[in-house]
Amino acid sequence: MPIQVSSYSLPQMTDLVERSFQDGLQTLPMVMKNSGVVILDTMPKNSGDSKLFAERVTTDQYASVRDEGAVAEAGAVQYGYEKVAQVYTIAKTIGITKRMRVAGKDRAILDEITNLSEVCPNTQELDLSHRLTFAWSTSYNYKGSSRDLTTGDNRALIATNHTLTGSATTYSNQVTGNPAFSKGALEIAEKSFVEGSFDNLGVKIAVTPSVLITTDDPNTVNEVRQLLNATADVNSANSGTSNVYKSKYKHVVNPRIATDSNGGVDATKAKYWFLASERASDFYMCELETPYTELIKSNDSSENWNYLAAATYLISIVTGRWIR
């Protein structure tokens, strides 16, 4: 016999909402949050509503020659970029009306509860994804709220003129020619990591990419899978030729990248793809309040049972050196 949700008492309904909420947090596919490039952290309560993120201090990679009897040359120390981010709160309420309860509208009640359990995780995923969706912009507007997308050098995440704090050298993390994904395009991105990765003194460093992030565009997804999973060089007719890309990168398919600011479809972004380094990433997400739900005490005469879902967090990206 099916459960009569509409016959639940207030404590039973509250328990159902809380259980559904926790189940949603554990089972929803958090693609971007778990991509490997997002550094997840929490903020202690009573520690303020903002946080400073900073690059590691750069020191000389190489020693100088010391003449006999001379004092060793002091190593250079160069501080990197810093970025302050402030938390914001996302929230939504639902009301289980008296009519829904007495009329036996179980499906409608369950739909409301399901939506409440998913709305905060989904919003966080969209928020994280939009750091890539709008990676060429310094800000965008989400439902009347402005999102700051600048890195520590006040550039957009993807820019051709990222600067360093201790050198006149600049670097670009835009793949030359803005190509759709292919073997050749991937090699251009890899070469950019090899030739365009510097510390803040302008000295070449090694940054090794490990993740390919794409939209859910079928052609792009298939191109990546073919390249990574082929048993031979995809451009070779020799079946015994080794495929150097086999299992080289983790492929993250993100269905929320090709969207507009409100999460609607934006076909102009369908071919977006990114090559990124998990180890070098400084893409932070800190939660002051992880997603939660609670019963809202109502003093009106509506007889609604109102529930709130909310979360308070921040997102900050310090540099663009980890992504192409």
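Residues numbered from 1 in each chain as written. Predicted model: local features only at pLDDT ≥ 70, side-chain atom pairs only at ≥ 80, totals over all residues. Heavy atoms only, no water.

A. Seen up close, the packing of aromatic side chains. For the structure shown, the criterion picks out 8 aromatic pairs. Each ring, one from F181 and one from W273, has its centre 5.2 Å from the other, and the planes form 90 degrees; the classification is edge-to-face. One end of the pair, F181, is in the loop between β10 (170-171) and α4 (183-195); the other, W273, is in strand β13 (residues 273-276), and 92 residues separate them in sequence. Judged by relative accessible area, F181 falls into the buried class, the value being 7%. An aromatic cluster is defined as three or more aromatic residues linked by ring pairs; in this entry it consists of W136, Y272 and F274. (Phe/Tyr/Trp six-rings, centres within 6.5 Å; stacked < 30°, edge-to-face > 60°. Helix = DSSP H or I, 4+ residues; strand = E, 2+ residues; numbered from the N terminus. Buried < 20%, exposed > 50% of the residue type's maximum accessible area, 1.4 Å probe, protein only.)

B. Structural detail: a nonpolar patch on the surface. On the surface, a cluster of nonpolar side chains totalling about 320 Å² of accessible area is made up of V57, V77 and Y79. In this fold, V77 is placed in strand β4 (residues 77-78). The exposure class assigned to V77 is exposed, which follows from its relative accessible area of 53%. (Patch = residues over 30% accessible without salt bridge, like charges linked within 9 Å, V, L, I, M, F, W, Y side chains within 5 Å. Areas by Shrake-Rupley, 256 points an atom, 1.4 Å probe, with all protein chains shown as cover. Salt bridge = Lys/Arg side-chain N within 4 Å of Asp/Glu carboxyl O.)

C. Main features of the layout of surface pockets. Of the pockets and cavities examined, the largest pocket occupies roughly 590 Å³. In this structure, the largest pocket is lined by 20 residues; those nearest its centre are E55, R56, I205, A280 and R321. Along the lines of polarity and charge, the residues of the lining of the largest pocket split into 8 nonpolar, 6 polar and 6 charged. Estimated volume of the second largest pocket: approximately 270 Å³. (1 Å grid on protein atoms, 1.4 Å probe; cavity = no way out; pocket = protein on both sides within 12 Å on 5 of 7 lines; lining within 4 Å. Points joined across faces, edges and corners; volume = space filled by probe spheres on them. Nonpolar A, V, L, I, M, F, W, Y, C, P; charged D, E, K, R; others polar.)

D. Quick look at the sheet that holds strand β14 (residues 283-296). Spatial strand order, β1-β14-β15-β6: 4 strands in an open sheet with mixed pairing. A single partner strand is all that each edge strand has here, and the edge strands are β1 (38-42) and β6 (88-96). Adjacent strand axes in the sheet meet at a mean angle of 25 degrees, parallel and antiparallel pairs treated alike. (Pairing = 2+ DSSP bridges. Axes fitted to C-alpha atoms, helices over the stretch in contact; angles between N-to-C directions.)

E. A look at the pattern of salt bridges. For the coordinates displayed, the defined rule picks out 15 salt bridges. As a salt-bridge pair, D266 and K269 come within 2.3 Å of each other at their nearest N and O atoms. Grouping residues by exposure puts D266 and K269 together as buried. Linked by salt bridges that have partners in common, D127, R131 and R147 make up one network.

F. The nonpolar core, seen in detail. Core analysis: the largest hydrophobic core is formed by 40 residues, its most contacted members being M13, V37, I213 and F283. Sequence-distant contacts of F283, that is, excluding residues within four places in its chain, are made with M32, V37, V38, I39, L128, R131, I315, S316, I317 and W322. Counting 15 residues, the second-largest nonpolar core is a separate cluster that includes F181, L186, V224 and Y245. (Core = buried A, V, L, I, M, F, W, Y, C linked by side-chain atoms within 4.5 Å. Contact = heavy atoms within 4.5 Å.)

G. Region of interest: the environment of Y292. The topology assignment puts Y292 in strand β14. Expressed as a C-alpha distance, the spacing of Y292 and A310, which sit 18 residues apart in the sequence, is 5.6 Å.

H. Looking closely at helix α5 (residues 218-229). With 12 residues, α5 should reach 16 Å at 1.5 Å per residue; the first-to-last C-alpha distance of 16 Å fits that figure. When α5 is considered as a whole, its buried residues turn out to be T220, V221, V224, L227 and L228. Seen from one end, α5 has its buried residues packed into an arc of 135 degrees, which puts them on one side. The inward-facing, buried residues of α5 abut α4, β11 (211-214) and β12 (250-253). (Expected span 1.5 Å × (residues − 1). Arc of directions from axis to C-beta.)

I. Region of the structure containing the environment of T27. Following the sequence through the fold, T27 ends up in helix α1 (residues 10-27). Overall, T27 belongs to the exposed group, its relative accessible area being 52%. Polar contacts involving the side chain of T27 include one to the main-chain carbonyl oxygen of D23, which spans 2.7 Å. (Polar contact = N/O pair within 3.5 Å; in protein donor to acceptor, adjacent residues only side chain to side chain.)

J. Region of interest: the state of the cysteines. Under the criterion given, the structure shown has 0 disulfides. Not part of a disulfide, C120 finds its nearest cysteine sulfur in C286, a span of 17 Å. (Disulfide = S-S within 2.5 Å.)

K. Highlighting the sheet that holds β12. Spatial ordering of the open sheet is given by β12-β11-β13, a layout of 3 strands whose pairing is mixed. The sheet is open, and its two edges are formed by β12 and β13, each paired on a single side. Across the sheet, the mean angle separating the axes of adjacent strands is 20 degrees when strand polarity is ignored. Where β11 lies against β12, 4 bridges are found, and the strand directions are parallel. Of the residues in β12, the one forming a bridge with V211 is K250. Its contacts with the sheet place α4 against β11 and β13, and it is angled at close to 35 degrees to β13. Each of β11 and β12 is contacted by α5, which is oriented at about 165 degrees to β12, the strand it contacts most.

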